[in-house]
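Here is what each chain is made of, one letter per residue.
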Amino acid sequence: MALLLSMELGAMSVSTQGLVPHQASGELRVTDPALHFLTGKSLALLHDGAAVPFDFQLTVASGSKTNVVARSLERFMVSYDVWEEKFSVVRVRDFRKSGMRLSASSAEAWCLENIFVPTGALPAGQLWAHLEIRSVESKEPLAAGSGINLATLIEIFSRPSRPEQDHWSVESAPFQLVSLKQ
Amino acid sequence: MRFVLIPVLAACALLGQSGAPDTDSADEQQASDLNVNSRYTIESINFVDQREYKLSTSALEEIRRLIGAKVSTEALDSLAQRIRAELRAHEVTFKIARGEAPEAVRVLIHVDRAAGVVDASVPKLIYNSLQGFSGVGEVAATAGPNALTVRMLRDSDTLIERYSGIQARYDRLELAGGRIRLGFEFDAYEDQYDASTLAAIGSASRPSSLGAGAYGSRLNYEPSATFVLAEPLTFTTGLSFEQLNSIPTAARPVSANAVINTLRYHQRWLDAGGNKQELDAGYSLRAATTALASGLKYTRHLAQARYLYSRDAQSVEVNLVAGAIFGQAPLFERFALGDSVMLLGWNKYNLDPVGGNRLAYASVKYGYHIMRVFYDAGSVWDQASPAAVKQSVGVGVSGGLGVFEKGAFLLAVAFPLRQGQVTPVVIAGMNF
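**Points about the overall build of chain A**
Here comes step 1: From N to C terminus, chain A includes four helices and 11 strands.
Here comes step 2: Evaluated residue by residue, chain A yields a buried proportion of 39% over its 182 residues.
Here comes step 3: For chain A, the proportion of contacts with a sequence separation of at least 24, taken over those separated by at least 6, is 67%.

Encoded structure:
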């Protein structure tokens, strides 16, 4: 158990600065310049020319950190151009939405820019934003046939990440919607 | 790394983000590969560890099809699964690296056999109506980076002597990130000779360049190291301690201890027009020296080049071989033509019953689907004698054998071109 716990902690990276929420066009987005997930094993795979999927879950809680009132789930496919040495990101739900020729930090930022929750779904009062990112293991059975869907993503985030899976978790400080910059 | 196909996301609503794009055929094409490298053309597909894995002809054909095509994670993943199944490997993964040409990439296959595999096969089986049967049975065991191969063989085809026995080889693979491979081989053979060979050895006209007479058996101990200089160029160096035991057992054995060096280059190309080219070239040098306590002193040079061009169902293959021996080399080192590979149709014992110390050979083969026609020309001679060029032509079929398709088969009829008589020679075999 202790071993499992230590492996779990070892696989999880938590940003120390925390998420910074923003509000624009009726959507709540987050940024965190200190968060870097294109690292380690995933980065090595990317440099070898593979496309590496990352699953994102952005939740907003109200009243308490456990009272989730809004949730957004996305899978982003990141790849690394072996000739241009630049990253490319595609939002799998809508593959027309993509970022090309990006640096590693720009690719990470692009992913955060493209996951959001509508502010109309959020109540007034104190809120917390929480972002969780998981790399998708190549051996993991991906959605068969018709592809990845909401149910699959919900199922993925409903269970703890595996020890060998890279994952990141970061939270915001408590905030109120009205106090956010537009 | 295993490539994973991420198909089009199904229509879904994500908590306030309702609706998904309609996918038309162009969209599906775009979505079929979300890897930015899918716009590049595959220039070559090679194994990282430079090993020669035995794959089925259909797997090899799949590799050929992928070369020249755009990178497709789905296709590469399918190939990985196939190779994994055929090699019974623990895992097969890919890397994509820049190619030599702009907008082209190399695919490097990594086979992880960490789980340990034992594989039995028949890597070679030949029938030649002049020489009879030759065959090799092999058991190969792999555990992690360690490979042990044991072969039982009977060969009346490739050398002047007919030999049978055992080869046992250990390889330590993947040292220095796969750039160095160490090996040790032990061979033990019993030797037999054609009557014409024994007669030539015993005659007054026996060539002075022949380093030893007929021997009844030979043993070989051969440590070696292979270095990947710059893919796909490799250099192998080592030592060969060969002991020749004379037929009268009371006589002292003769040793042929040599430094061995081999330089090899193997590359494939495929352009956008579907033209496929393959070049396999090598040079080997064996130098037996008294510094290694060798009883015989000689140097043996052999250069080989094979070029293959194919497009659709047609192919042209050109082979060139040249060799020279200086000093007194034993029978097993001497050159022969007229076997099942070079100068088909000729009887090697008629050409030179004790082999020669000079060799020149060229062949052109044209293929259309499984049909083959070929023209061979070459000469094997002794330095002191004039070279006589011999020629042959032939037709045959070559292809896979269903469940036995790991090795291509060949059935050919070859005709030596000489005045006065036409004696066809039939050659049938697997895994040439």
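Back to the text.
**Thoughts on the sheet that holds strand 3 (residues 27-31) of chain A**
Within a sheet, neighbouring strands are paired by backbone hydrogen bonds and run either parallel or antiparallel to one another.
Residues and elements named next belong to chain A.
Here comes step 1: Taken in spatial order, the three strands make up an open sheet running 2-3-8, and their pairing is antiparallel. The open sheet has two edge strands with one neighbour each: strand 2 (20-24) and strand 8 (117-118).
Here comes step 2: Bridging between strand 3 and strand 8 involves two bridges; their strand directions are antiparallel. The residue bridging Leu28 from the neighbouring strand is Val117, located in strand 8.

**A short note on the environment of B:Gly144**
Here comes step 1: Following the sequence through the fold, B:Gly144 ends up in the loop between strand 5 (132-143) and strand 6 (146-155).
Here comes step 2: Note: C-alpha distance between B:Gly144 and B:Glu174 (30 residues apart in sequence) is 9.4 Å.

**Quick look at the confidence of the model for chain B**
Residue and element names in this part refer to chain B.
Here comes step 1: Mean pLDDT over chain B stands at 84; residues scoring 70 or higher make up 87%.
Here comes step 2: Counted against residues more than four places away or in other chains, residues 1-32, with its pLDDT under 50, gives 71 contacts.
Here comes step 3: Every residue in residues 402-407 is under pLDDT 50, and counting partners more than four places away or in other chains gives nine contacts.
Here comes step 4: In the model output, the complex is listed with pTM 0.63 alongside ipTM 0.80.

**Comments concerning the sheet that holds strand 2 (residues 91-98) of chain B**
Residues and elements named next belong to chain B.
Here comes step 1: Read across the sheet, three strands follow the order 1-3-2 without closing on themselves; strand pairing throughout is mixed. Each edge of the open sheet is held by one strand with a lone partner, namely strand 1 (41-47) and strand 2. Each strand of the sheet is rotated relative to its neighbour by a mean of 25 degrees, with strand direction disregarded.
Here comes step 2: Across eight bridges, strand 2 lies against strand 3 (residues 104-112) in antiparallel orientation. Opposite Ile96, over in strand 3, you have Val107 as the bridge partner.

**Points about the confidence of the model for chain A**
Caution is warranted with low-pLDDT regions, since their predicted coordinates should not be read in detail.
Residue and element names in this part refer to chain A.
Here comes step 1: Residues of chain A with pLDDT of at least 70 account for 79%, and the chain-wide mean is 81.
Here comes step 2: Looking across chain A, the model is least confident in helix 1 (residues 2-11), with a mean pLDDT of 41, and most confident in helix 3 (residues 104-113), with 95.
Here comes step 3: Contacts for the low-pLDDT stretch residues 1-13, under 50 throughout, to residues beyond four places or in other chains number 12 contacts.
Here comes step 4: A low-confidence stretch, residues 139-147 (pLDDT under 50), is modelled with 12 contacts involving residues beyond four sequence positions or located in other chains.

**Here we look at the packing of helix 2 (residues 57-66) of chain B against helix 3 (residues 73-87) of chain B**
All names here are of chain B.
Here comes step 1: Relative to each other, helix 2 and helix 3 sit at 160 degrees, their axes nearing to 11 Å. Accordingly, the angle class assigned to the pair helix 2 and helix 3 is roughly antiparallel. Considering how the two elements wind past one another, helix 2 and helix 3 form a crossing that is left-handed. Seen from helix 2, the contacting residues are Ala59, Glu62, Ile63 and Leu66; seen from helix 3, they are Ala75, Leu79, Arg82, Ile83 and Glu86.
Here comes step 2: Of the residues belonging to the contact of helix 2 with helix 3, the class tally is six nonpolar, no polar and three charged.

**Some details on the nonpolar core**
Here comes step 1: One finds A:Phe54, A:Phe56, A:Phe76, A:Val78, A:Val89 and A:Cys111 to be the most contacted residues of the largest nonpolar core, which totals 63 residues.
Here comes step 2: Here the element with the most residues in this core is strand 4 (residues 51-62) of chain A; it accounts for seven residues.
Here comes step 3: Not counting residues within four places of it along the chain, the set of residues in contact with A:Phe76 comprises A:Phe54, A:Phe56, A:Val89, A:Val90, A:Arg91, A:Val92 and A:Cys111.
Here comes step 4: Among the nonpolar cores identified, the runner-up in size contains 23 residues, and B:Val321, B:Tyr361, B:Ala412 and B:Val425 belong to it.

**Notes on the pairing of strand 4 (residues 117-128) of chain B**
Residue and element names in this part refer to chain B.
Here comes step 1: Bridge analysis of strand 4 against strand 5 gives 10 bridges, and the strand direction is antiparallel. Following the sheet pairing, Asp119 is matched in strand 5 by Ala140.
Here comes step 2: Following strand 4, the chain reverses through three residues before pairing antiparallel with strand 5.
Here comes step 3: Across four bridges, strand 4 lies against strand 19 (residues 425-430) in antiparallel orientation.

**Focus: the environment of A:Asp55**
Here comes step 1: The topology assignment puts A:Asp55 in strand 4.
Here comes step 2: The sequence separation of A:Asp55 and A:Met77 amounts to 22 residues, and the corresponding C-alpha distance is 8.8 Å.

**Description of unusual backbone geometry**
Here comes step 1: Even without being glycine, A:Arg101 reaches a positive phi, approximately 50 degrees.
Here comes step 2: On the secondary structure map, A:Arg101 appears in strand 7 (residues 98-102).
Here comes step 3: Residue classification places A:Arg101 among the partly exposed positions, given that 13 C-beta atoms sit within 10 Å.
Here comes step 4: Positive phi, normally seen in glycine, also occurs at B:His369, with a value near 50 degrees.
Here comes step 5: By secondary structure assignment, the location of B:His369 is in the loop between strand 15 (358-368) and strand 16 (371-381).

Basis of the calculations
- Positions within a chain are numbered from 1, following the residues in the order the chain's sequence is written.
- The naming scheme follows written order: chains are lettered A onward, ligands numbered 1 onward.
- Under the rules for a predicted model, residues below a pLDDT of 70 receive no local features and side-chain atom pairs below 80 are neither given nor counted, while totals for whole chains, interfaces and linings still include all residues.
- Under the DSSP-based scheme used, a helix requires at least four consecutive residues in state H or I and a strand at least two consecutive residues in state E, with every element numbered from the N terminus.
- Residue burial is a threshold on neighbouring C-beta atoms within 10 Å of the residue's own C-beta, all placed from the backbone, with 20 or more meaning buried, 12 or fewer meaning exposed, and counts in between meaning partly exposed.
- By definition, residue pairs are in contact when their C-beta atoms, positioned from the backbone, come within 7 Å.
- One bridge is not enough; two strands pair if DSSP finds at least two bridges between them.
- Within a predicted model, pLDDT stands for the predictor's per-residue confidence, ranging from 0 to 100.
- Inter-axis angles, ranging from 0 to 180 degrees, are taken between N-to-C directions of lines fitted to C-alpha atoms, where helices are fitted over the stretch in contact.
- Oblique is the label for every angle not falling under 35 degrees (roughly parallel), over 145 degrees (roughly antiparallel), or within 65 to 115 degrees (roughly perpendicular).
- Note: crossing handedness is left-handed where the near helix turns anticlockwise from the far helix by less than a right angle, and right-handed where it turns clockwise.
- Ten residues, namely Ala, Val, Leu, Ile, Met, Phe, Trp, Tyr, Cys and Pro, are considered nonpolar, four, namely Asp, Glu, Lys and Arg, are considered charged, and the remaining ones, Gly among them, are considered polar.
- In this usage, the nonpolar core is the set of buried Ala, Val, Leu, Ile, Met, Phe, Trp, Tyr and Cys residues whose C-beta atoms join them within 7 Å.

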